[in-house]
Structures are given as C-alpha cells and as structure tokens.
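For reference, the chains in residue letters:
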Amino acid sequence: MASDFDKDALAYHRQGPAGKLAIVATKPMATQRDLALAYSPGVAAACNEIVRDPFEASTVTARANLVGVISNGTAVLGLGAIGALASKPVMEGKAVLFKKFSNIDVFDIEVDETDPQMFIETVARLEPTFGGINLEDIKAPECFIIEKTLKERMNIPVFHDDQHGTAIVAGAAVFNGLRVVGKDISKIKLVASGAGAAALSCLNLLVNMGVPRENIWVTDIAGVVYEGRTEQMDEYKAAYAQKTDARTLDDVIEGADVFLGLSAAGVLKPEMVKKMAANPMILALANPNPEITPEEAKAVRDDVIMATGRSDYPNQVNNVLCFPFIFRGALDCGATTINEEMKVACVKALADLAMAEPIDRVQKAYAGQPLRFGREYLIPKPFDPRLIFEVAPAVAKAAMETGVATRPIEDLETYRRSLARYAYRSSQVMSPILERAKTEPKRVVFAEGESNRVLQAVQQVVDEGVAQPILIGDRNRIHTKITDLQLRLTEGEQFTIIDPAGGDWFEPYLADYRARMGRRGISPDEAKSIMHADKTVIAAMMCLRGDADAMLCGAHGRFRQHLERIDSLIGKQDGVDNFATTTVLSLPTGTFFICDSHISPDPSAEQVAQNTLQAAEEMRRFGILPKVALLSSSNFGTNDLPGALKMRKAREILNQLDPELLVEGEMHADAAISEELRNKVFPESVLRGQANMLVMPNVESAHIAYGLLKTLGGGISVGPILLGAAKPVHIMTQSTSVRSIFNMTAIAVADAQSADAALA
C-alpha cells in the first residue's frame, strides 16, 4: 500500500507542470499600455511612492500579502536532515496550503546553509521582499537561536511553524479537553515526552495559558529533565528541570492529567496510562506512529481523551489549523511580530470554533467522523471555512491591543465579514446584495423548512441579519433537527414555524385557496389535502396574503413542478408573458449573468428582449452595469438561421424599449468576450470590454454553455434567479448548497425591497 501511495505521490508531483506552484500575473498584460504601466516607465511612479513613504509598499506591491517559507532542510517532517534541495517539495506544499486556506502568496526559499549565523544573515536581508517569514523544518536547538535573532532584527512577523503552529493547535486541544472534563488548567499535572522545538514551544505556550511551570515534568531520550543533569542538556530544556530523584517517564507519569508526546512511537506504555489521573488526556503526536495508539490507551482506560497527529484518528493536531490564519490576521493589520498574546488568541479562537455547530461543507468532507464537541471532537477540521473569519480577527485584535499593529483595523466586524471572500467564493459578487439585505431584513418563507441544508442556511441568515425566516414544516421535526445539527436557533425569537398539520392559520388560508382555485378543477376535499401537504403552495399563499415578503422553494423536488405551483397561484408580473432565469457565474476572468438556462425551451424574440430587461434589472441590484451580448451562430449577420434572426430582432426590440441599455448582437460567444476580436469583425459595436450578460437563443444552448463555463472555468454560481414572477419568489435546485440557500435568501430580500420601493 505504501508503495502504491508513493507512486501516486510521485505522479502527482511530476504531472506537468512539475511541482505544485506557479506565478500568475494579477494585472492585465494584453496591450503595450499594460506593459508600460507594469514595467518601464510606469513602475517608476510606484518606486518613488515607496521612497516617499515606505509603508506604501503594502499598497503598490504584493509585499503585504507575501510570506517567505524558508528552510535549510535540517529537520524535514519525519525525514530528518535531508538538506535544503530535498526539502523543496515540503516547502512548496506549505506554500499551496497558505494559498488554499487564506489566499496568502508564498515564495518558498531553500537555503543551503546549516550554520545558524550565516542562515540568519541570509534571511534577515530578505525583509524588503516579504510581509512575513515562516521558518520551517529547522532542527533544534538552532531553530530557537535563529527565530529569536530574526525576530529581534526584522520588523515583520517571524514564525517557526514547527514550534508555534504545533503549540497553538495542541494548546487548543488541551484547552477543550479540560473543558470537557471540567479540570482547572492551573491545577493539572502535565508530563511531556520529548524536548525538541515543538515540545518546548508547546510547554511555553501552555505556561502562558495558565499551567504552572512547577507542574510540568519533561522527559527525553536521556530520561527525566532534572536539576543537575548534564547529558544532552541546553538552556531551553533546563527551564523545565525539576528537583527530583525520578529518572524515567514511568517514574513521573503517576497522577498526570495530561501527557504531551512529541517523541517516538511506543514510548507511552499501557501500564503507564493506568497510573494517570481520572479522565486523562493524551496527546500522542509522534508521526507517523504515535507514542501510544488510541486503541491501546482505550483498552486500559475507558475515560481517556486522545489526540494524535494522524488524520485517521479523531482530534488530529494539524498545523494547517493555525499558520494560514495567524498570518492572515498578522498581515492584514501590519503586525511587526507574532507575540504570545496573538498565539493565545489563536488558541482560544480555535477552541471556541470547535464548540460551534458543524456545517455542511465539513460534514461532507469528513463523512462518518464525529463532529459534535466532546471527547472525540476537541478541535476544528482544516476544511471548516469559518476558521479564517474566527481566527484571523482574533489574532489581529490581539496585535492591536498589544501595540504591534502598524495598520490597525478600524472595524473588526466589517473586517471579519470581508474575510468571507476567502472562504466563500461567491462573497465578492454577493457583497452589494448582502449589504442591502441587512439594511431592511424582510420576512422570507422557506417551503422546505425541515431540510438540513435549509436549517443550516437559516442559522447563517440569522447570524448575518439578512432576513426574518419563516419555516414550513412539522414543528417537532424541525426542533429535533435543530438539536441534532447543534444549531442556535430559537423559535419565536429568531424564526417562526408554520406547521402544515394545522393551526390558527389553516382555515383562513384554506378558504382563500379555495376561492382562488375553485374554478380550476380543485375540489374542496382536494384543496384541504393540498393545504395540509404541499409546502410550496402554503409558502405561495403566505406571499399572496401578505404574511411573507418573499419565498424560497425547490431544495427538494423538481424545478418545473415548483414553477407550475408558482404560476398557478402567484403568476407573472403585469406585462410579462413568460418566466425566465438568470444565473450568476463568477469566473477568474470575470462575473457573468447567463440567461436563460432553466425555463424557456425556445423563446420568441419578444420574450428574449423581455427576459433580458428583467435580467438587467436584477444585475443592477448587484451593482454591476449590464453589458449584454445576444449570442448566436451568426456573427453580425454572417447567416440568417432562425436563431440568428431571432437574436437580431431581439436587439432591435431592446433598442426601442431601453435605448440606454448596452446591448449588442447577434454575435459569436468569443466576440462577446474579446473586444479585440469583436472590433475586427464589427468595429461599430457599442460594447467596450467584455460583455457580462450572455443571452442565449434557447434553454438548451444556455444550459450547455453554463455547464461548460462553470466546469472548465472553475466557476462558482449563484442562482438560478427566477425572473418574471409577480412576487419575490425563487426556486432552488436539489443540489443547492447551504451557502447558495443563504445567497438566494439575500437576493429574495433585495427583490422584496425593490418591490416595496416600486409601490412607494
């Protein structure tokens, strides 16, 4: 198995381009002017600005978001002193983790130098390049000297992750382990096996958190660290020397509340575990094999709490929970260092997040693993998107409170919300809608109120103050699911429930429904049955009767079935003869609105024009000026096929109905995106730059184009957004994620606000 894995790993690294990193330009490089702005002569303006004020380097260069991951390869993972060159795959791996989890850019630098002073001189001279330094895989005790000296010499954060990243995550595990069993951190006995960089950093941080130094017993390969010992000692170990006759781990383990292992496999024996205090906590962090396995420990103690460094056991102490987010907070406030207060803030933020309700993304990534706070879940999982906006603000706040922030953040809550762009790719395009929704939250009814995804989205809706939720569903089932999902929702305070089984609402709704549907073949008995069973109908009636301002449905069931119910009750806006959709697609090359990928099989030219106007109105709510391309197989008259004639006529209609709308066509898709190509075939085009609304001649072409763009372009979508309904109504799809439901809630609120404004 290991051999097969090694082969897969090598194939992964060798697949072209080799390695895991590339440099991507962040500014256009398409024209001569672009080159002049990027380099000579335009770059001189940026250089002179830095000469005028060195702090401007953070505004005109990438330095404020650039970290150096630097190693000399003297202590690489479990591989030892393999050298600087062989350490490069690890440093590249660290770089991609920075980018993945916190969008921090990295240059990995492997320095072929084992002399600490020479290494220090090399790294110190790199300060103008970086906003921070992440030291990696440097052996002890040299790593202590290197980090201490560099922190003193450099005015940017210097952080040895092997020490402090491990310490912070282990500290969070200890903090929560003691929470679970109700032990006071100031009264525990802690025994450590291992006295290297990571172990001593863990102990130093735990002392700062409240563990008395006299309650800590350290052992290493030479035995207990005691006063007077000379073998394999240094000043860093000596700080934890005890005055004792004990010489072995077995001698000191009696009554220990916490065992911290950063040493070697099999060091902690089952008979030693038996001697520990009640509800002992064991952090067996040696990799790949721990000091004792969870199976071995639990075989002799059923009250033990375990954490390891392995992903195949609960409570994995993984540095990726720390370093991307502590650097994110430090860089964003311009911290000159990462101090103890910032580390402790990181510990507490991690510990508190583990107590929060689990979310769908994490549950999918770790299917089958326990995600409820307790003995088997003490620290968050690396793929929890909330890490960045819980940890980074806590770190930045601590930096500001301790006076090391050169660019203090004025509003931490606004900063926290802004970090969502790193966790949720839709956040940037949704920002105007979300901010608008929060100014006047509306009553939004969710037809599938018993859905796990809907309930998790409602928790986000409540937390962000986006809407006033109304849930349709069995009251007992909803409350049970809220408990199972560990949500913090309280009926009557944060949301209301409409139970289809009945209540004071039922008879008036039934009478109204019968009055509306009596001449459409719905009998009284059938009407009663529908009102008890069809949640989309109930939600629609709430909107019609003014008991809700907007509705969402479609988390379960077929899109067109929901649309039929909406059409039969709510109907279309005055002057609108068909429904349509637009879907927002955010790609690396821009944000596009795709019309219509869900409803109209073959709309007429008049319907295309009508749909385009509605989509443009929706687009303006996002704060985006519509630039419409009517797509076809014809490129400005190159053929007269039916689709081309339809889109040509649609443009003429749009020019009459809204002369101010920037619309062009009929045209090929590539001409819509490339101004250069468009100008070659039709220099008279009214569009400038790339179009951002792509209108297709029929639903089939729209659906295909949307699927290809999203998949091949690595896009993130919002929608479909229903156009043409007489009330603010949106129909989701069965694959809709929790974040998509949250986004659609905000869109529904914004639509309701616009409807109110139109009536005012």
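Residues numbered from 1 in each chain as written. Predicted model: local features only at pLDDT ≥ 70, side-chain atom pairs only at ≥ 80, totals over all residues. Heavy atoms only, no water.

Visitor: I keep staring at the overall build of the protein and nothing clicks. Help me out?
Guide: Looking only at helices and strands, the protein features 32 helices and 21 strands. A compact globule built from 760 residues would reach a C-alpha radius of gyration of about 27 Å, and the protein, at 31 Å, matches this within 12%. Viewed in the frame of its principal axes, the protein has a C-alpha envelope of about 95 × 70 × 50 Å. When each of the 760 residues of the protein is scored for burial, the buried share is 52%. Considering only intrachain contacts with a sequence separation of at least 6, the fraction spanning at least 24 residues in the protein is 71%. Of the roughly 33400 Å² that the protein leaves accessible, carbon and sulfur atoms contribute 53%. Once the 79 positive and 96 negative side-chain charges of the protein are each reduced to a mean point, those two points are 2 Å apart. (Helix = DSSP H or I, 4+ residues; strand = E, 2+ residues; numbered from the N terminus. Rg over C-alpha atoms; globule rule 2.2 N^0.38 Å. Buried < 20%, exposed > 50% of the residue type's maximum accessible area, 1.4 Å probe, protein only. Contact = heavy atoms within 4.5 Å. Areas by Shrake-Rupley, 256 points an atom, 1.4 Å probe, with all protein chains shown as cover. Lys, Arg positive; Asp, Glu negative; His and termini not counted. Charge placed at Lys NZ, Arg CZ, Asp CG, Glu CD.)

Visitor: Even after reading the chapter, I still don't get helix 5 (residues 88–102), so can you show me in this structure?
Guide: For an α-helix, the turn length of 3.6 residues means that residues three or four places apart are oriented alike. Taking 1.5 Å of rise per residue, the 15 residues of helix 5 would be expected to cover 21 Å, and the 21 Å separating its terminal C-alpha atoms lies within 8% of that figure. Turning to helix 5, its buried residues are V90, M91, E92, G93, K94, A95, F98, F101 and S102. Phi turns positive one or two residues past the end of helix 5, at N103, with a value near 60 degrees. (Expected span 1.5 Å × (residues − 1).)

Visitor: When you look at empty space enclosed by the protein in this model, what are you seeing that I'm missing?
Guide: Over the atoms rolls a probe the size of a water molecule, and its path tells where empty space is left. On inspection of all chains with the given rule, the structure shows three cavities of 30 Å³ or more. Each pocket or cavity is described by its volume, and for the largest cavity that value is around 70 Å³. In terms of lining, the largest cavity is formed by C595, D596, S600, P603, V608, N611, T612, V695, M696, N698 and V699. Looking at which element gives the most residues to the lining of the largest cavity, the answer is helix 27 (residues 605–621), with three residues. Roughly 50 Å³ of volume is contained in the second largest cavity. Every residue lining the second largest cavity is listed: N315, Q316, N318, L321, Y377, I379, P380, K381 and P382. In terms of residue class, the lining of the second largest cavity is built from five nonpolar, three polar and one charged. (1 Å grid on protein atoms, 1.4 Å probe; cavity = no way out; pocket = protein on both sides within 12 Å on 5 of 7 lines; lining within 4 Å. Points joined across faces, edges and corners; volume = space filled by probe spheres on them. Nonpolar A, V, L, I, M, F, W, Y, C, P; charged D, E, K, R; others polar.)

Visitor: Can you help me understand the sheet that holds strand 12 (residues 467–472) in this one?
Guide: Whenever strands of a sheet pair, they do so through backbone hydrogen bonds, lying parallel or antiparallel. Taking strand neighbours across the sheet as the criterion, the five strands line up as 13-12-11-14-21 in an open arrangement whose pairing is parallel. Of all the strands in the sheet, just strand 13 (496–498) and strand 21 (729–731) have a single pairing partner and so form its edges. Across the sheet, the axes of successive neighbouring strands diverge by a mean angle of 20 degrees, strand direction being ignored. Direction of pairing for strand 11 (residues 442–446) relative to strand 14 (residues 550–553): parallel, over a ladder of three bridges. Note on strand 14: the bridge partner recorded for V445 is M551. Helix-sheet contacts for helix 25 (residues 535–545) involve strand 11, strand 12, strand 13 and strand 14, and the interaxial angle to strand 14 is about 170 degrees. Here helix 26 (residues 559–569) sits on the sheet and contacts strand 14 and strand 21; the angle it forms with strand 21, its principal contact strand, is near 160 degrees. (Pairing = 2+ DSSP bridges. Axes fitted to C-alpha atoms, helices over the stretch in contact; angles between N-to-C directions.)

Visitor: Is there a simple way to explain the environment of V158 in this structure?
Guide: Its place among the elements puts V158 in strand 4 (residues 158–160). Distance from V158 to E127, taken between C-alpha atoms, is 10 Å for residues 31 residues apart in sequence. Aside from chain neighbours lying at most four places away, what touches V158 is I133, L135, E147, L150 and K151.

Visitor: It is not clear to me how the side chain of T336 should be interpreted in this structure. Could you clarify?
Guide: You can see T336 is positioned in the loop between helix 14 (323–332) and helix 15 (340–354). Once residues within four sequence positions are removed from consideration, T336 is found in contact with M154, N155, I156, P157, V404 and T406.

Visitor: Can you help me understand the packing of aromatic side chains in this one?
Guide: The description of two aromatic rings rests on the distance between their centres and on the angle between their planes. Applying the stated criterion across every chain yields a total of 11 aromatic pairs. Here the aromatic rings of F159 and F327 are separated by 5.8 Å at their centres, their planes lie at 85 degrees, and the arrangement is edge-to-face. Pair noted here: F159 is in strand 4 and F327 is in helix 14, with a separation of 168 residues, a long-range link. What makes F159 buried here is its relative accessible area of 1%. An aromatic cluster of three or more residues is present, and its members are F98, F159, F323 and F327. (Phe/Tyr/Trp six-rings, centres within 6.5 Å; stacked < 30°, edge-to-face > 60°.)

Visitor: What am I meant to see in helix 22 (residues 475–484) here?
Guide: Measuring from the side-chain oxygen of the N-cap residue of helix 22 to the backbone nitrogen of N476 gives 3.1 Å; that N-cap residue is D474. One or two steps after helix 22, the chain reaches Q486, where phi turns positive at roughly 60 degrees. (Polar contact = N/O pair within 3.5 Å; in protein donor to acceptor, adjacent residues only side chain to side chain.)

Visitor: I tried to follow a nonpolar patch on the surface on my own but got confused; where do I start?
Guide: On the surface, L77, L79 and I82 cluster together into a nonpolar patch covering about 310 Å² of accessible area. Within the fold, I82 resides in the loop between strand 1 (66–71) and helix 5. (Patch = residues over 30% accessible without salt bridge, like charges linked within 9 Å, V, L, I, M, F, W, Y side chains within 5 Å. Salt bridge = Lys/Arg side-chain N within 4 Å of Asp/Glu carboxyl O.)

Visitor: Explanation requested: the layout of surface pockets in the structure shown.
Guide: The volume enclosed by the second largest pocket comes to roughly 1400 Å³. Lining the second largest pocket are 32 residues, with I23, V24, T26, A62 and D105 positioned closest to its centre. Residue assignment for the lining of the second largest pocket shows that the elements contributing at least two residues are helix 2 (32–38), helix 3 (43–52), helix 4 (57–60), helix 5 and strand 2 (105–110). Partitioning the lining of the second largest pocket into residue classes produces 20 nonpolar, six polar and six charged.

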